[in-house]
Amino acid sequence: MRVGAFLLSAQFPGQSHGEVLERTVRAAVEAELAGLDAVWLAEHHFVPYGVCPNAATLAALLLGRTRRIGVGTAVSVLSTTHPVALGEQAALLHLTSGGRFTLGVGRGGPWIDLDVFGGGVDAFENGFPERLDLLLRWLRGSRVGADGPQFTFPEVAVVPQATEPLRRAGLGSWLGLDAPSGPVRFPRQRQDVEGLGEELTATGRPTAGPPVVVACTSPGGVRLAAERGLPMLLGMHSGDEDKLRMLELYRTAWLAAGRGEEQLRRVNRQHVAAGVAQVDDRNSAARATLLNAMPGWFEYGLGAHRTVDGRERKMRDPRQYTEFLCDLHAVGTPKQCADRLLATAERTGIRRFALLAEGSGDHEATLHNIARLGSEVLPQLG
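Residues numbered from 1 in each chain as written. Predicted model: local features only at pLDDT ≥ 70, side-chain atom pairs only at ≥ 80, totals over all residues. Heavy atoms only, no water.

(A) Broad picture of the nonpolar core. Judged by nonpolar contacts, the single largest core of 68 residues is most densely connected at Leu 36, Val 39, Leu 103, Val 105, Leu 132 and Tyr 250. The biggest single contributor to this core is helix H2 (residues 55-65), with six residues. Other than its neighbours up to four places away in sequence, Val 39 contacts Ala 5, Leu 7, Ala 28, Ala 31, Leu 62, Ile 69, Gly 70, Val 71 and Gly 72. Core analysis: the next-biggest nonpolar cluster, separate from the first, contains 31 residues, Leu 8, Phe 12, Val 213 and Cys 326 among them. (Core = buried A, V, L, I, M, F, W, Y, C linked by side-chain atoms within 4.5 Å. Buried < 20%, exposed > 50% of the residue type's maximum accessible area, 1.4 Å probe, protein only. Helix = DSSP H or I, 4+ residues; strand = E, 2+ residues; numbered from the N terminus. Contact = heavy atoms within 4.5 Å.)

Next up, the structure:
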C-alpha cells in the first residue's frame, strides 16, 4: 500500500493566501520526512477552497524542496489549459526530477474559469477527450500536429521529450545524504517496480514519460480512462461501494477496448483513491477537530464558486458532508485509521491513497497530523 498526502492549499477563514501556501510547502516537506509515498496538489481559481491556481507550478517548487517523495497533480484541469503547454510542463518536471512527477488530469467543473481562460462551456462538456488525446500524444511523441475541433496546428517538434531515458539519482541522493530537508524519519514506502501509473503499451508495459492518472467522477470519465489505458483518481466523496461500481465499469470498458486481463491486473494497482486522514488518540477527538474546522471551510470556499453560464448549482450541507467524510475515511486513532485503509484495500483492491491531511485548518496541527500518519499509521499497513 502506498499512502500520500492530498494538499488542497485550503484557505480557512481568517487565513491569508501566503499563510496557506506556506503551510502547503511545509506539509510537503513533512510528508517526505514522515516517509509518505507522495504529495498530491490541487488547483483552483478565484475561490478560497484552494488558493493554488497551477498545480504543476507548485509541483516544480516542491520537487526542488524534496529529494525522494513523489509529487503529483490532483488535478491539472485540462478544460482551462492548453494540452501542449501542460505537456511541456509535465515533461520538464519528469526529466528534471528523475521521474518523481505524476500528472493527474481532469475536466474540472462548469465554473467561471471557462470564460476567463477562453475554453468556454464546450471545452468542459465535450472537449475533454480531444484535450486528453493531444496531451498523451505530446507526452509520448517526438513530433505532434493537430487537426481537431479545438486545436489545429502544423506538426512541431516536441521539446523536451518526456520519452528520453531518465538520469537516475545516485545512491547518496536516494539515501538522503545530500538532501537539505534533513534525514527521513521513516523510509519511503516500497515502490512498485512494474510502474507508477503509466499508460500501458499494447504489450502491457509502461510507456515512457511521466505517469498519467485521470480524475473520474462519471461513467463517461471511467470509460475514457479505460479506453486510454490510464488509471483512475477517485474522489474523496466516493465510498467503497461507489469505488467498486466504478472499478467494474472500468473493467467492462477495458475489456471492450481489446485489452487483456493481465494488463488490467497491473493497471488496477495504480488507481488512486482520495480520502481524509485525521489521527488522534481518541476517535471523538479526531472527529471534533474536523467538525470544528471543515464545515466553515466548505461554506466559505465552495460557496464562492460561480458557474460559467448562471446554471443552478446545489451545495451539500457543510456539516453533514464533514460527518459523511469522517464516517468514510481514516479518521480516529492510528489503529482505526489503518483499519479503515486496509478495509478499503481489501474490499476494492485499491492500494494507493491520497489523504487530505489539512482538515484541521491549523499550520502546526497539519504537520503533526502528517507526522503521526507516517510514524503510527503506515507501520500498521504492512
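(B) The layout of surface pockets, seen in detail. If you add up the space inside the largest pocket, you get close to 1,600 Å³. Gly 108, Gly 109, Trp 111, Thr 217 and His 237 are the residues nearest the centre of the largest pocket, which is lined by 48 residues in total. Mapped by element, the contributors of at least two residues to the lining of the largest pocket are helix H4 (113-116), helix H5 (120-125), helix H6 (128-140), strand S8 (212-216), helix H8 (219-228), strand S9 (232-234), helix H11 (283-302) and helix H12 (318-328). Ranked by residue count, the leading element in the lining of the largest pocket is H8, at three residues. A class-by-class count of the residues in the lining of the largest pocket yields 25 nonpolar, 16 polar and seven charged. (1 Å grid on protein atoms, 1.4 Å probe; cavity = no way out; pocket = protein on both sides within 12 Å on 5 of 7 lines; lining within 4 Å. Points joined across faces, edges and corners; volume = space filled by probe spheres on them. Nonpolar A, V, L, I, M, F, W, Y, C, P; charged D, E, K, R; others polar.)

(C) Structural detail: empty space enclosed by the protein. Under the defined criterion, the tally for this structure stands at three cavities of 30 Å³ or more. By volume, the largest cavity amounts to about 80 Å³. Around the largest cavity sit 14 residues that line it, and Leu 328, His 329, Leu 341, Thr 344 and Phe 353 are the ones nearest its centre. Where the lining of the largest cavity is concerned, the elements lending two or more residues are helix H9 (240-256), strand S10 (272-279), helix H13 (334-348) and strand S12 (352-356). A per-element tally of the lining of the largest cavity places S10 first, with four residues. Its residues assigned to classes, the lining of the largest cavity comprises eight nonpolar, three polar and three charged.

(D) Representation of unusual backbone geometry. At the junction of Ala 74 and Val 75, the peptide bond is cis and its omega measures out at 5° in the coordinates. Looking at where Val 75 falls in the secondary structure, it is placed in the loop between strand S3 (70-73) and strand S4 (76-77). With an omega of -5°, the peptide bond between Val 159 and Pro 160 qualifies as cis. Along the chain, Pro 160 turns up in the loop between strand S7 (152-157) and helix H7 (171-174). Its identity is not glycine, yet Ser 9 carries a phi of approximately 55°, on the positive side. Classification of Ser 9 by relative accessible area gives buried; the value is 1%. A positive phi is found at Phe 46, a non-glycine position, where the angle reads about 70°.

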